[in-house]
Amino acid sequence: MAFDFPVPAGEDLRLARKRLDTDGYLVVSDDELGLPGTKLREHLLRTYFTPDVLRCYPGDVPADRERARDVVEYAWHGETPVLAEHPEIAIEDRGGRPERREYARTPVAHDPLFAAWISAALGLLPEHRRRPRGTFGVNIFRTFTNVVTRPHADGEEFVFVYVVDRAGTGAETTLYRPEAPDTAVHTQRLEPGQLIVFEDARFLHTASPLVAPPGGRARRDALVCTVDYPQTYGLA
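All values derive from a computational prediction rather than experimental measurement.

Q: Mind showing me how you'd approach unusual backbone geometry here?
A: Keep in mind that most residues, glycine aside, have a negative phi and that most peptide bonds are trans. A cis amide bond, omega 0°, links Val-61 with the succeeding residue Pro-62. Mapped onto the elements, Pro-62 comes out in the loop between α3 (37-47) and β2 (66-77). Located in the positive-phi region is Ala-171, a residue other than glycine, with phi close to 55°. On the secondary structure map, Ala-171 appears in the loop between β8 (169-170) and β9 (172-177).

Q: What exactly am I supposed to notice about the sheet that holds strand β14 (residues 219-227) here?
A: Sheet strands pair via backbone hydrogen bonds, and the direction of the pair is either parallel or antiparallel. Taken in spatial order, the seven strands make up an open sheet running β1-β11-β7-β14-β6-β2-β3, and their pairing is antiparallel. Whereas interior strands pair on both sides, the edge strands pair on one side only; in this sheet they are β1 (25-29) and β3 (80-85). Across the sheet, the mean angle separating the axes of adjacent strands is 25° when strand polarity is ignored. Here strand β6 (residues 133-143) pairs with β14 via eight bridges, running antiparallel. Paired with Ile-140 across the bridge in β14 is Leu-223. Helix α4 (residues 112-122) rests against β2, β3, β6, β7 (158-167), β11 (194-199) and β14 of the sheet, and its axis sits at about 115° to β6.

Q: When you look at the environment of Asn-146 in this model, what are you seeing that I'm missing?
A: Tracing the sequence through the fold places Asn-146 in the loop between β6 and β7. Given the relative accessible area of 31%, Asn-146 is considered partly exposed. Spatially, the C-alpha atom of Asn-146 lies 8.8 Å from that of Val-61, the residues being 85 residues apart in sequence. Not counting residues within four places of it along the chain, the set of residues in contact with Asn-146 comprises Pro-62 and Pro-209.

Q: So what exactly am I meant to see when it comes to the nonpolar core here?
A: In a soluble, globular protein the nonpolar side chains are often hidden away together inside. Within the largest apolar cluster, 43 residues are counted, with the highest numbers of intra-cluster contacts made by Phe-114, Trp-117, Ile-118, Phe-136, Phe-160 and Leu-223. A per-element tally of this core places α4 first, with nine residues. Among residues more than four places away in sequence, those in contact with Leu-223 are Leu-44, Phe-49, Phe-114, Trp-117, Asn-139, Ile-140, Phe-160, Val-161, Tyr-162 and Val-164. Counting residues in each nonpolar core, the second largest holds 11 residues, with Phe-141, Ile-196, Phe-198 and Val-224 among its members.

Q: What is the right way to read the pattern of salt bridges from this model?
A: Oppositely charged side chains are able to pair whenever their charged atoms sit close together. Under the defined criterion, the tally for this structure stands at 21 salt bridges. Here Arg-100 makes a salt bridge to Glu-88, at a shortest N to O gap of 2.9 Å. Linking Arg-100 in strand β5 (residues 97-101) with Glu-88 in the loop between β3 and β4 (91-94), this pair joins segments that are 12 residues apart in sequence. Assessed through its relative accessible area of 42%, Arg-100 is described here as partly exposed.

Q: Which parts of the structure should I look at to understand the packing of aromatic side chains?
A: Two numbers describe a pair of aromatic rings. These are the distance of the centres and the angle of the planes. Counted under the stated rule, the structure contains nine aromatic pairs. When the ring of Trp-117 is compared with that of Tyr-162, the centres are 5.4 Å apart and the planes differ by 50°; the resulting orientation is tilted. Residue Trp-117 is found in helix α4, and its partner Tyr-162 is found in strand β7; the two are separated by 45 residues along the sequence. Taken as a pair, Trp-117 and Tyr-162 share a single burial class, namely buried. Taken together, a centroid distance of 6.4 Å and an interplanar angle of 90° make the contact between Phe-198 and Phe-203 edge-to-face. You can call Phe-203 buried: its relative accessible area is 1%.

So, how was this worked out
Residues numbered from 1 in each chain as written. Predicted model: local features only at pLDDT ≥ 70, side-chain atom pairs only at ≥ 80, totals over all residues. Heavy atoms only, no water. Helix = DSSP H or I, 4+ residues; strand = E, 2+ residues; numbered from the N terminus. Pairing = 2+ DSSP bridges. Axes fitted to C-alpha atoms, helices over the stretch in contact; angles between N-to-C directions. Contact = heavy atoms within 4.5 Å. Buried < 20%, exposed > 50% of the residue type's maximum accessible area, 1.4 Å probe, protein only. Core = buried A, V, L, I, M, F, W, Y, C linked by side-chain atoms within 4.5 Å. Salt bridge = Lys/Arg side-chain N within 4 Å of Asp/Glu carboxyl O. Phe/Tyr/Trp six-rings, centres within 6.5 Å; stacked < 30°, edge-to-face > 60°.

See the structure below:
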């Protein structure tokens, strides 16, 4: 099944890539990426943010976080990234945890809507920062209290945070310079359909705790993805 979506105008996309290259971070919306926001988010919620897909893993931080994971391999053909499942999805030496962490795979590369989102996200990378071939780590997170526990870096090239749905407030994403961890460079609560992408080495990132709505339970459903260094999954 193929989907034909409007793509961002060439000049708009060029300016977005330039901002990412210059500032080190960029916030965009579904509309700006040419994606069918409501249809996309409803599909992601219905397909991936479900009890059959999401799991809690022992030792995860925060402890009540539910997650699913995949790693997608991409190869550039002109302006089009060709996607496939990468054979390895384990995380090793990330987030201050040096041990190897294994997860069940939730395949996403052959889902046309998910693949369209990945392609649009990769399309934000400035051309001179693209490797001919690479991996894109996909984390599907549902959080209820803390989103993360401290400012940190993931140790990869670029990080993408895309909010699919949220109940309550809080969950403000903040970027800091590693050399000035007490001064925020950017703070924003991402709304459903918004994506922030940033160059990981230039920032520490964190997010404030969720705040429950009156009489309800807080929840944030998000994709947290990485453009990885070649050595992460043996492509070097």
